[in-house]
Amino acid sequence: MLTILVSGCLGGAPLRFNETGVPVSSPIWQRWASEGRLVSLCPELAVGFPVPRPPAEIVGGSAADVLDGRAQVHEASGRDVTELFQAAAQHAVDKALQAGVGLAILVDGSPTCGSTYVHDGTFTGVTVAGRGVAAEALRRRGIPVFPHYDLDRAAAALAEKERQHGNG
Ligand code: SF4
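Note that residues are indexed from 1 along each chain, following the sequence as it is written. Thresholds applied to this predicted model are a pLDDT of at least 70 for local features of residues and 80 or more for the giving and counting of side-chain atom pairs; totals over whole chains, interfaces and linings are not thresholded and use all residues. Hydrogens and water are ignored here; the side-chain numbers use all heavy atoms of the structure.

Under the annotation held in an unreviewed UniProt entry, the chain carries the name Purine nucleoside phosphorylase and is attributed to Salinispora tropica.

S.K.: If you had to explain the environment of Pro 54 to someone new, which residues and values would you point to?
M.R.: Numbering of helices and strands starts at the N terminus; helices are DSSP runs of H or I of at least 4 residues and strands are runs of E of at least 2. Its location among the elements puts Pro 54 in the loop between α2 (43–46) and β3 (56–59). Spatially, the C-alpha atom of Pro 54 lies 6.1 Å from that of Glu 75, the residues being 21 residues apart in sequence. Contact criterion: two residues are considered in contact whenever any of their non-hydrogen atoms come within 4.5 Å of each other. Dropping the residues within four chain positions of it, Pro 54 is found in contact with Phe 17 and Glu 75.

S.K.: Please provide a residue-by-residue account of the sheet that holds strand β2 (residues 38–41), values included.
M.R.: Each strand in a sheet pairs with its neighbour through backbone hydrogen bonds, running either in the same direction (parallel) or in the opposite one (antiparallel). Pairing is parallel across the open sheet formed by four strands, whose spatial order is β2-β1-β5-β8. Two strands bound the open sheet, and with one partner strand each, they are β2 and β8 (145–147). Taken pair by pair, the neighbouring strands of this sheet meet at an average axis angle of 25°, ignoring direction. DSSP-based pairing: two strands are paired if at least 2 bridges between them are found. Sheet analysis places strand β5 (residues 101–106) next to β8, joined by three bridges and oriented parallel. Paired with Ala 104 across the two strands is Val 145, which belongs to β8. Relative to the sheet, helix α1 (residues 27–34) contacts β1 (3–7), β2 and β5, its axis offset from that of β2 by approximately 100°. Only the stretch in contact is used when fitting a helix axis, every axis being a line fitted to C-alpha atoms; angles between N-to-C directions are given from 0 to 180 degrees. Packing against the sheet, helix α6 (residues 151–164) makes contact with β1, β5 and β8, and its axis sits at approximately 175° to β5.

Here it is, written out as structure tokens:
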């Protein structure tokens, strides 16, 4: 049975920068939870960020650029937290590989967990297509990442992986 890496704030735990969580009411989620598939991780907390914490955004490029040292992650004050976000991404990869996850389901829009969009680095609420730093690092290691609102597609991908692995 393949496991699934999930954002630690998914399910409602109030771990986000603004002390909120992201509730999930899908029966798919409940089934995965009862099967013991969910491997929960907040990469930002894992590297020492507190709750609450200042909002952070990717500036000067994409998540791939952050991983390659060509862009940064800043807090709204201008504090450069790039190294912490790189470490958080590595932590997510390590945990995913250790747990042998089949895929990841992460909260979209986050500079760490975003899988289809992030904020544009201006701290004005504007979003752009792109990934968070951990989501990009997972994708580079061959671990598919799905946004938290797309559990049907994630479930289909998981079933296909288990079929390929003879693991169903
Ligand atoms: S880093 Fe990811 S898991 Fe942690 S609070 Fe933000 S969206 Fe949730």
